[in-house]
Structures are given as C-alpha cells and as structure tokens.
Amino acid sequence: MLAALQRILADLGIHEDVTVLSIVFGLIFTRLVTAIALAPFLGGRAVSSRIKVGLAAIISAILYSPLAPKVSPGDLDVVRVLGLLVKEAVIGSTIGILSQIIFHSIQMAGATMDYGRGMSQATFFAPQLETNVSLIGQLQLQASIVMFLVLNGHLLFLRALAASFQTIPVLQFPQFRGGAMLVMEQLARYTGESLLIAVQLSAPVLLALFLVDISFGMLGKVAQGLNVHNESQPVKAMFGLAVFLLSLSYTISRMPGYFSEMVQQIELLVRNIV
C-alpha cells in the first residue's frame, strides 16, 4: 500500500517519502485536533466531530510544507514516534485547556450572581464547556463566545497554535530549559486568576446584593415579625438582575483584555516548554 501511495505521489510530482509524510502529518494533526476539540469557541460538543477533524486535517495540510523536516525513515523508530504522538497530544490538550479557562471564569461570574440572587437551581447545558451553567452564566458564556469570534479571536488562537510548531518542532521533545516547575507555576497562576476574573465581573451585582441584605437585616431589627429571608428573595432576584443588565457595558468592556491575556498565556506557555 505504501509503495502504491509512493507511486501516486511521484506521478503528482511530490517527491516525499510516504512514511515520513504520514508520520509528520500525523504529529501535526494530533496537536491541532486535540487543541481544536477542547477550544470552546470552536463549538465543543455543539459542533460535529467530523467538522473539527476536517478542520484540523485542512490546517495540517496547509502547515505541512513549511514544517516538514528533512529526515530519513530510519530515524523514526516505533518507540520514538509513539513518544512524539504523546507529546503532541499533551501540548495540544494543554493549549486547549488554557483556552477554556477564561470562558469558565466568565460563566463562573454568572453562576456567582445567580447563587447570590437565589436563582442557582435553574441550569442549562453548555455544549462548549460540556457542563451545566446557570441562567446568567449561560448568557455571559454565549455572549463572550460571540464577542470572541467577532474580534477574530479564533484566528489569533489558530495563529498562536501554528506558531507553536516553530517553537516546538514536531520531531523534537521539549527541553524545559526554564525547568518544568516554571510551566507548572504558570498554569497554576493563570488558573488562580480565573477566580479573580469571576469576582471582578460579578462585583457590581454582589455589592448590590450585599446592600440588599444589609437593608433587610436592618428592617428585620425594626419589624421583628417580618420573615426577612422569604421577603428578601424576590427583591434580590429582581434587583440583582437589574444591576446585571445595567453593568453589561462594564462586563463587555473587560472581555477583550481577558481574551488578549489568554492568547498571551498560550504563547508564554509554548516559550516556557522549549
């Protein structure tokens, strides 16, 4: 079969060894398909796996020529190829997970608002993150994905993903010149920042709900027979929603900065791995 493919390539004017072509293409494809499959703005479970695999295959074909190294088939033994496949899958998965963190933070902010409003019982399934999210969390998540696509963030993500092949070639193992702990620290720091982002986006609503709790607490001291908890819940639900709608411009204005930080973190991760 390989001999037949070799003859077909020769007839097409492509003088490449089929074995090398298959291995290099497979390595490029592995990194791309794992990153694309985990990127929430590329659809998640809402998009067919065939479409994501096809997109990864097309991009792999585009990147093959500039990335293909000059190597003989004898240099690619089975153990080395398997190790390289695992390496590519880990790198692609890490990049894909990094791209999820900001969107998890945005929906976490909405979930925090709904929890403070007492409306966390109602949830929707978000196929992009493959988890259930609250009402405001779903709204913020879908709005953030739309804004990310409008700002061409997906193109920046794919460009950073393609640039990672220049920094970490497919036939080389990571060197971790700065130490593996540097990469772990970066991942831990950026993951920890997700909580800070969630607090920043939900701060206006949380502060408003805190003032409502204080007001009803003072009212409960004056009117001893008033059931403060039951009476405050409808007020908190409606007032929290009103403050959320009023603070939408604040939320939207901060999102481009978060998206830019995400792309920068991916590029920094790739540099730290080398």
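Everything numeric in this text was worked out from a predicted model, so none of it was measured. (Residues numbered from 1 in each chain as written. Predicted model: local features only at pLDDT ≥ 70, side-chain atom pairs only at ≥ 80, totals over all residues. Heavy atoms only, no water.)

Colleague: Would you mind going over the overall build of the protein in detail, with residue names and values included?
Modeller: Scanning the protein from terminus to terminus reveals nine helices and two strands. Starting at the N terminus, the α and β elements of the protein follow one another as α-α-α-α-β-β-α-α-α-α-α. The buried share of the protein, reckoned over its 274 residues, is 39%. In the protein, the share of contacts with a sequence separation of at least 24, taken over all contacts with a separation of at least 6, comes to 81%. In the form shown here, the protein has an accessible surface area of approximately 14,300 Å², with 67% of it arising from carbon and sulfur atoms. (Helix = DSSP H or I, 4+ residues; strand = E, 2+ residues; numbered from the N terminus. Buried < 20%, exposed > 50% of the residue type's maximum accessible area, 1.4 Å probe, protein only. Contact = heavy atoms within 4.5 Å. Areas by Shrake-Rupley, 256 points an atom, 1.4 Å probe, with all protein chains shown as cover.)

Colleague: So, helix α7 (residues 180–222): which residues are in play, and what are the values?
Modeller: Since the α-helix turns once every 3.6 residues, residues separated by three or four places project in the same direction. Between its terminal C-alpha atoms α7 stretches 60 Å, which fits the 63 Å expected from 43 residues at 1.5 Å a residue. At Ala203, α7 shows its largest kink, close to 60 degrees, and the proline Pro204 lies no more than four residues downstream. (Expected span 1.5 Å × (residues − 1). Bend = angle between axes of the 7 residues up to and from the residue.)

Colleague: Describe helix α5 (residues 135–150), naming the residues involved and giving the relevant values.
Modeller: The terminal C-alpha atoms of α5 lie 23 Å apart, and with 16 residues this matches the ideal 22 Å at 1.5 Å per residue to within 8%. Taken together, the buried positions of α5 are occupied by Ile136, Gly137, Gln138, Gln140, Leu141, Ser144, Ile145, Met147 and Phe148. With a side-chain oxygen lying 3.3 Å from the backbone nitrogen of Gly137, the N-terminal cap of α5 falls on Ser134. (Polar contact = N/O pair within 3.5 Å; in protein donor to acceptor, adjacent residues only side chain to side chain.)

Colleague: I'd love a proper account of a nonpolar patch on the surface, names of residues and values included.
Modeller: The grouping of Phe210, Leu211, Ile214 and Met218 at the surface amounts to a nonpolar patch, some 420 Å² of accessible area in total. Relative to the assigned elements, Leu211 resides in helix α7. (Patch = residues over 30% accessible without salt bridge, like charges linked within 9 Å, V, L, I, M, F, W, Y side chains within 5 Å. Salt bridge = Lys/Arg side-chain N within 4 Å of Asp/Glu carboxyl O.)

Colleague: Can you tell me about the packing of aromatic side chains, naming the residues and giving the values?
Modeller: For any pair of aromatic rings, the description rests on two quantities: the centre-to-centre distance and the angle between the ring planes. Summed over all chains, the structure comprises six aromatic pairs. When the centroid spacing of 5.9 Å and the interplanar angle of 45 degrees are considered together, the rings of Phe41 and Phe103 count as tilted. Highlighted residues: Phe41 in the loop between α2 (18–38) and α3 (49–67) and Phe103 in helix α4 (residues 78–117), separated in sequence by 62 residues. Neither Phe41 nor Phe103 differs from the other in exposure class; each is buried. Ring geometry for Phe103 versus Phe259: centroids 5.8 Å apart, planes at 25 degrees, classification stacked. Of the two residues, Phe103 is situated in helix α4 and Phe259 in helix α9 (residues 248–273); the sequence distance between them amounts to 156 residues. Pair check on accessibility: Phe103 and Phe259 agree, each one buried. Three or more aromatic residues joined by ring pairs form one cluster here, namely Phe41, Phe103, Phe148, Phe157 and Phe259. (Phe/Tyr/Trp six-rings, centres within 6.5 Å; stacked < 30°, edge-to-face > 60°.)

Colleague: Outline the nonpolar core, supporting the account with residue identities and numerical values.
Modeller: Formed by 55 residues in total, the largest nonpolar core has its most connected members in Phe41, Ile102, Phe103 and Phe157. Secondary structure elements with two or more residues in this core: α2, α3, α4, α5, α6 (153–167), α7 and α9. For this core, the leading source of residues is α4, giving 10 residues. Ignoring sequence-local partners within four residues, the contact set of Phe157 consists of Ala35, Ala39, Phe41, Leu42, Ile95, Ser99 and Ile266. (Core = buried A, V, L, I, M, F, W, Y, C linked by side-chain atoms within 4.5 Å.)

Colleague: I'd like a rundown of the pattern of salt bridges, residues and numbers included.
Modeller: Under the criterion given, the structure shown has four salt bridges. Here Arg31 and Glu88 are joined by a salt bridge, their closest N and O atoms 2.5 Å apart. Residue Arg31 is located in helix α2, and its partner Glu88 is located in helix α4; the two are separated by 57 residues in the primary sequence. Where Arg117 meets Asp114, a salt bridge forms, and the shortest distance between an N and an O atom there is 2.6 Å. Of this pair, Arg117 and Asp114 both sit in helix α4, separated by three residues, roughly a single helical turn. We note that Arg117, like Asp114, is buried.

Colleague: Can you tell me about the side chain of Ser105, naming the residues and giving the values?
Modeller: In this fold, Ser105 is placed in helix α4. Beyond its immediate chain neighbours, meaning those up to four positions away, Ser105 contacts Ser194, Ile197 and Ala198.

Colleague: Could you give an account of the pairing of strand β1 (residues 123–126), with specific residues and numbers?
Modeller: In summary, the side chains of a regular strand alternate between the two faces of the sheet. Pairing geometry for β1 and strand β2 (residues 131–134), over four bridges, is antiparallel. Bridge assignment links Phe124 to a residue of β2, and that residue is Val133. Counted between consecutive antiparallel strands, the loop separating β1 from β2 contains four residues, among which Glu130 sits at a positive phi close to 55 degrees. (Pairing = 2+ DSSP bridges.)

Colleague: Tell me about the packing of α4 against helix α8 (residues 228–246), and name the residues and values.
Modeller: Two elements in contact, α4 and α8, have axes whose closest approach is 8 Å; the angle formed by their N-to-C orientations is 150 degrees. Comparing their axes, α8 and α4 come out roughly antiparallel. Seen from α4, the contacting residues are Met113, Gly116 and Arg117; seen from α8, they are Gln233, Lys236, Ala237, Gly240, Leu241 and Phe244. When its residues are assigned to classes, the contact of α4 with α8 shows four nonpolar, three polar and two charged. (Axes fitted to C-alpha atoms, helices over the stretch in contact; angles between N-to-C directions. Parallel < 35°, antiparallel > 145°, perpendicular 65-115°, else oblique. Nonpolar A, V, L, I, M, F, W, Y, C, P; charged D, E, K, R; others polar.)

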